[in-house]
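The residues making up each chain are set out below.
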Amino acid sequence: SNSGEGGEDATRFKVLDDVNAEGLSTLFPHLKGLRNGDTASSAIKQVASGRFGVTPEYLMNAKQIEIKMAQGAKPGEGGQLPGKKVSAYIATLRRSKPGVSLISPPPHHDIYSIEDLAQLIFDLHQINPNAGVSVKLVAEIGIGTIAAGVAKANADVIQISGHDGGTGASPLSSIKHAGSPWELGLSEVHRVLMTNQLRDRVTLRVDGGLKTGWDILMAALMGAEEFGFGSIAMIAEGCIMARICHTNSCPVGVATQQEKLRKRFTGIPENVVNFFWFIAEEVRSILAKLGYRSLSEVMGRADLLKVRENVQLTKTAALNLDCLLKLPDTRSDRGWLNHETVHSNGSVLDDVLLDDREIQATIRNQGTVTKTIKLVNTDRTVGARLAGAIADRYGNTGFEGQINLMFNGSAGQSFGAFNLPGMTLTLRGEANDYVGKGMHGGEIIIKPPAKTGYDPATNVIIGNTCLYGATGGILFANGQAGERFAVRNSMGKAVIEGAGDHACEYMTGGVIVCLGKTGRNVGAGMTGGIAYFLDEDGDFPARVNNEIVSIQRVCTPEGEAQLQDLISLHVDRTGSEKAKIILASWSEYLPKFYQVVPPSEAETPQASVGAEEKVAVKV
């Protein structure tokens, strides 16, 4: 099963042991047909562009982690969850506010090249080295070249998604007019990987409207090893294809948050299990007719396919099906079906940290430890595997110890990714892109070396796309950040001294303080959280994207206290000279701050002022 992109309730990770004779559990009173030993935990946890609900505990409970690059029913578009479907429960899972629409960006903002994708794959292998990483791609022209890059990027599984798949979060125009058949995408990927001797590196999975055993056999002949079912499995458990998922009014309780409608859900696990038994039986029957014992024997055997003869249709007369029929000959060479269980990141700094006896004892006994470590920019995703080990034992918030790691040098990408409460990472030096990606708690402190010949406030100290998808914790950077700072931030807090373009993009929660200049397009798609920007040059209003947010001066005691407290913490953690100057001349600097406020925060104590006091944004 696949979690989808909305996160997952931690109660689902538990194995049921309280199921009564009627098949009911107190943990899941709304579900029927349960048995002791069952678990509701999705084996595959999805990481989509919105990073909703992606926490260390979530990732550590995965048998496989899927990077959803795109979806067959809506290629090139992110998911959209209307505000009326964001209940208090959904908001909790997604670290947002009830009633606020949630938008997944069209791209992953930490993936703009195959190298970037390789970094995210590295990040996920880093936090959970036992989970394979799959990459979901859409069937399209040229997908073979992309898949070759994905295989080289150390993915374990490549999933090809066809246009016939269903989703309740796609515009009608995309469902009807976008995407390509899975057959075209799968055959192209299989051909390119075989030709370039990459096929053994990855398992190929396909989905997109599969419904029968015949579909499975066709996919296997074209090179697929695994097969995904979505819509048809939902129908087996009670979906009637009313096609009103987006309205929150599903008549059979499958795709709705309304409790009165959810009570109508009658599905039980046996219904889905029986469906797959019949699918397997159909596959077995077809294989027997062909003279084969197992599905693996016919995988990649496109030589068994042929065009139907005596078909006289004008619209198909000019079709050339060589792209499906003339695949590499795999009758003798079957070695490509042998895959490594889970790809490794090799030797990493986090393994050294986890082998340290004092750190081991601190995790085991929830004590305190402080370590000083030198690192270089080839040390990537530092701290993530340590966070994963803690989350595996205590969950997201159960660790009550304190691990203080003091680093010196230049950190590679994703420093402090998936950081947890009880972990404080301090770096004297500088860090590359993706600092604090997916962090859930604790602190990350980055400051220049003690003796520097430059003004930290005017120099970049951390790279692009930092704090992406953060669900908690706090970041202090004694210097400027790159582009897309705090994109899709949910609950993280941060103080920085300047930022590039697109700061606070798609943000849904948290608090950001910027003590210096920023680039253009601030607050684009921002539906939650509050941000404070120091405007010393008087040009900040022109840099704001006013489609959703408004800006105003800090004019409530609560807002002032929030800002002042965070700047004070920044001084305490980094010794920032600029922050000291601001605090020393508070009455002079406070009027220079703008507060960026989305509608969901307009009536909070930190921002609740009359409409006439708000500053109009003119771009």
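One can find the structure itself at the top, above this paragraph.
The sections below set out a description of the structure shown in this document. (Residues numbered from 1 in each chain as written. Predicted model: local features only at pLDDT ≥ 70, side-chain atom pairs only at ≥ 80, totals over all residues. Heavy atoms only, no water.)

1. Topic: the overall build of the protein chain
Right, on to step 1. The number of helices and strands found in the protein chain is 17 helices and 18 strands.
Right, on to step 2. Computed over its C-alpha atoms, the radius of gyration of the protein chain comes to 26 Å, within 12% of the 25 Å expected for a compact globule of 619 residues.
Right, on to step 3. For the protein chain, the spread of C-alpha atoms along the principal axes amounts to about 85 × 60 × 50 Å.
Right, on to step 4. In the protein chain, which comprises 619 residues, the proportion classed as buried is 54%.
Right, on to step 5. As displayed, the protein chain offers around 26700 Å² of accessible surface, 51% of which is attributable to carbon and sulfur atoms.
Right, on to step 6. The average position of the 61 basic charges and that of the 67 acidic charges among the side chains of the protein chain differ by 4 Å. (Helix = DSSP H or I, 4+ residues; strand = E, 2+ residues; numbered from the N terminus. Rg over C-alpha atoms; globule rule 2.2 N^0.38 Å. Buried < 20%, exposed > 50% of the residue type's maximum accessible area, 1.4 Å probe, protein only. Areas by Shrake-Rupley, 256 points an atom, 1.4 Å probe, with all protein chains shown as cover. Lys, Arg positive; Asp, Glu negative; His and termini not counted. Charge placed at Lys NZ, Arg CZ, Asp CG, Glu CD.)

2. Side note on the packing of aromatic side chains
To describe a pair of aromatic rings, you give the distance between the ring centres and the angle between the ring planes.
Right, on to step 1. Using the criterion set out here, one finds 8 aromatic pairs in the structure.
Right, on to step 2. Taking the centre distance of 5.3 Å and the plane angle of 75° together, the rings of Phe 229 and Phe 276 count as edge-to-face. With Phe 229 in the loop between strand S8 (226-227) and helix H8 (231-236) and Phe 276 in helix H10 (residues 269-290), this pair connects stretches of sequence that are 47 residues apart.
Right, on to step 3. Given the relative accessible area of 31%, Phe 276 is considered partly exposed.
Right, on to step 4. Note on Trp 586 and Phe 593: the rings are 6.4 Å apart at their centroids and 40° apart in plane angle, and the pair reads as tilted. When sorted by exposure, Trp 586 lands in the same class as Phe 593, which is buried. (Phe/Tyr/Trp six-rings, centres within 6.5 Å; stacked < 30°, edge-to-face > 60°.)

3. Quick word on the nonpolar core
One broad rule of soluble globular proteins: the nonpolar side chains tend to lie buried together.
Right, on to step 1. If you look at the biggest cluster of nonpolar residues, it comprises 122 residues, and the most contacted ones within it are Phe 227, Leu 295, Phe 407, Phe 415, Ile 462 and Phe 485.
Right, on to step 2. Viewed by domain, this core spans two of them, domain 1 (10-330) and domain 2 (368-601), each represented by three or more residues.
Right, on to step 3. Once you skip the residues sitting within four places of it in the chain, Ile 462 turns out to touch Ala 431, Asn 432, Val 435, Ile 446, Leu 475, Ala 477, Gln 480, Ala 481, Gly 482 and Phe 485.
Right, on to step 4. Within the second largest apolar cluster, 24 residues are counted, among which are Ile 530, Leu 534, Ile 567 and Phe 593. (Core = buried A, V, L, I, M, F, W, Y, C linked by side-chain atoms within 4.5 Å. Domains from an automatic or database assignment. Contact = heavy atoms within 4.5 Å.)

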